[in-house]
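Tertiary structure, described
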Amino acid sequence: MTILDELRGALRRAGVNALWISDPANVRAISGFTSGKDGRVLVTTEGATLYTDARYTVQAAGESSVPQFIARPPDTYLHAAAALKGLRVGFEADHLTVALLDDLRGHWPDSTLVPLRGVVQDFRIRKSAPELHSIRAAQRIADVAFAQVRPQIQPGMTEQDIALELELALRRAGAQSAFEIIVASGPNGAKPHGVASSRVIGSDELVTVDMGAQVDGYHSDMTRTVAVGNPSAELRRLYRAVLEAEEAAVAAVRPGMRAADLDRLARDLLTGHGLGEYFAHSLGHGVGLEVHEGPGLRGTSEDVLEPGMVITIEPGVYIPGVGGVRIEDLVLVTASGHEVLSHSEKEAL
Ligand code: GLY
Ligand code: MN
Ligand code: MN
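The following refers to the structure shown. If you're wondering where the values come from, they're calculated on a predicted model, not measured in any experiment. (Residues numbered from 1 in each chain as written. Chains lettered and ligands numbered in written order. Predicted model: local features only at pLDDT ≥ 70, side-chain atom pairs only at ≥ 80, totals over all residues. Heavy atoms only, no water.)

Points about the nonpolar core
Put simply, the rule is: By nonpolar core we mean a set of buried residues, namely Ala, Val, Leu, Ile, Met, Phe, Trp, Tyr and Cys, connected to one another through side-chain atoms within 4.5 Å. Only protein chains enter the accessibility calculation, which uses a 1.4 Å probe; a residue whose area is less than 20% of its type maximum is buried, one above 50% is exposed, and one in between is partly exposed. Strands here mean DSSP runs of E at least two residues long; helices mean DSSP runs of H or I at least four residues long; both are numbered from the N terminus. A contact between two residues is defined here by any heavy atoms of the two lying within 4.5 Å.
With 34 residues, the main nonpolar core has Leu-262, Ile-311 and Ile-313 as its most contacted residues. For this core, the secondary-structure elements that each account for two or more residues are α9 (233-251), α10 (259-272), β15 (310-313), β16 (316-319) and β18 (329-333). Apart from the residues within four sequence positions on either side, Ile-311 is in contact with Val-253, His-285, Gly-286, Pro-295, Leu-297, Leu-305, Asp-329, Leu-330, Val-331 and Val-333. Within the second largest apolar cluster, 26 residues are counted, among which are Ile-162, Val-207, Val-209 and Val-226.

Printed below as a string of structure tokens:
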């Protein structure tokens, strides 16, 4: 069964006859078309159409086997309207803007627009062999880049220097950076998503590096916190607590595990060290066409791990005025348990 057949089954269950897909990652998953700038897919019970504009005629023809209609709005909407008369048409409530929804309503007066959440995302949550191949390649490149640049994480270098070296290494290896690389040194480590700044790395500090590569549209995501010189006993204590929580959570990854229980396991360990209140985010997330996608590894998640999911395990503690530690591995859920895809060395502190 193709992903389109599976999607039509999901649309039937959701009580709609068609789906207007506007989220670029979902457009790519359904059609193969990679431009995030202008691509929409209309899926009906009988067929599917990829809409893009004339800048992408050649690219779309090369990438997608879905029949294409090259136009710009309003012609795009007018073409689609003909296929949608009298139908219930789902749209991606978690992506479509209010303005674009207004446009659709204006051009499709004879259709009923129905907000849906996560319909295509549900099909992306378990990775196919080719998808896994790309994610593994992305992680391999990130591991190589990290190993190349690790010796340069020294006093006197700025955070931006390190981020630039990492980005160069990723690009030289044929990948793009998956997201803006985080290099957070000393007290900046207390900002979970602080971007690399002009701060000069000092001696006896911890430096958190969060990086990923993108290969064929698929991402990797990994964090290492490294020691420069001899960090204080308190910083070492934080590091060891986070490492313990991270390793315990990774070891517990297996099919059937509830994501919320995994988050709880790591959180309870950090709480046992008196650090629970400093673990300021969820344990992790799925990774694929987007850096952050399902499943969500947080306390409120209903998700249950299944073979083929690629997730991160990334506990951290962030203490204002002191600094922080995050350790993040990329993990594949397998039929028998898990496989850790990120291989960069961790500190022994
Ligand atoms: N780099 C973002 C994250 O780890 O989720
Ligand atoms: Mn990360
Ligand atoms: Mn992450």
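Read on for the rest.
Details of the site of ligand 1
This is how it is decided: Throughout this document, a residue counts as near a molecule or strand when at least one of its heavy atoms sits within 4 Å of that molecule or strand. Contacts described as polar in this section are N or O atom pairs within 3.5 Å, which, within protein, must combine one atom able to donate a hydrogen with one able to accept it, while residues neighboring in sequence count only if both atoms come from side chains. Residue burial considers only the protein chains on display, and all accessible areas are found by Shrake-Rupley using a 1.4 Å probe.
Around ligand 1, a shell composed of Phe-179, His-193, Asp-210, Asp-221, His-285, His-292, Glu-314 and Glu-328 is seen. His-292 places a polar side-chain atom, nitrogen or oxygen, 2.6 Å from an oxygen atom of ligand 1. At 3.0 Å, a side-chain N or O of Glu-314 approaches an oxygen atom of ligand 1. When ligand 1 sits alone it has 200 Å² of accessible area, and the protein chains cover 95% of it.

Side note on the pairing of strand β12 (residues 222-228)
Quick reminder of the rule: Two strands pair if DSSP finds at least two bridges between them.
Across the seven residues of β12, seven count as buried, placing the element largely inside the fold. Residues of β12 alternate between two faces, with Met-222, Arg-224, Val-226 and Val-228 on one and Thr-223, Thr-225 and Ala-227 on the opposite face, all of them buried. Here strand β9 (residues 205-211) pairs with β12 via seven bridges, running antiparallel. The partner of Asp-210 across the bridge, within β12, is Thr-223.

Some thoughts on the packing of helix α7 (residues 129-149) against helix α8 (residues 159-172)
Short version of the rule: Helix axes are fitted only over the stretch in contact, all axes being lines through C-alpha atoms; the angle between N-to-C directions runs from 0 to 180 degrees. Every angle not falling under 35 degrees, over 145, or within 65 to 115 is termed oblique; those three ranges are roughly parallel, roughly antiparallel and roughly perpendicular. Definitions for this section: a left-handed crossing has its near helix turned counterclockwise from the far helix by less than a right angle. A right-handed crossing has that turn clockwise. Under the scheme applied, nonpolar residues are Ala, Val, Leu, Ile, Met, Phe, Trp, Tyr, Cys and Pro; charged residues are Asp, Glu, Lys and Arg; polar residues are all the others, including Gly.
It is the contact of α7 with α8, at a shortest axis distance of 9 Å, that shows an interaxial angle of 135°. What the angle tells us is that α7 and α8 run oblique. For the pair α7 and α8, the sense of crossing is right-handed. Residues Ile-141, Ala-142, Ala-145, Phe-146, Gln-148 and Val-149 of α7 pack against Ile-162, Glu-165, Leu-166, Ala-169 and Leu-170 of α8. Along the lines of polarity and charge, the residues of the contact of α7 with α8 split into nine nonpolar, one polar and one charged.

Thoughts on the packing of aromatic side chains
Our working rule: Any two of the Phe, Tyr and Trp rings considered here, Trp counted by its six-membered ring, make a pair once their centres fall within 6.5 Å; the pair's planes then place it as stacked at under 30 degrees, edge-to-face at over 60, or tilted in between. Here, over-ring charges are defined by two tests on the NZ atom of lysine or the CZ atom of arginine: distance to the ring centre within 6 Å, and angle to the ring normal within 35 degrees.
Per the stated rule, a full pass over the model turns up six aromatic pairs. With a centroid separation of 5.7 Å and 45° between ring planes, the pair formed by Trp-20 and Tyr-51 is classed as tilted. Of the two residues, Trp-20 is situated in strand β1 (residues 18-21) and Tyr-51 in strand β3 (residues 48-52); the sequence distance between them amounts to 31 residues. Comparing Trp-20 with Tyr-51 shows no difference in burial state: the two are buried. Ring-pair connections join several aromatic residues into one group, and the members of that group are Trp-20, Tyr-51, Phe-69, Tyr-77 and Trp-108. A cation sits over an aromatic face here: Arg-267 above Phe-279, 3.9 Å from the ring centre.

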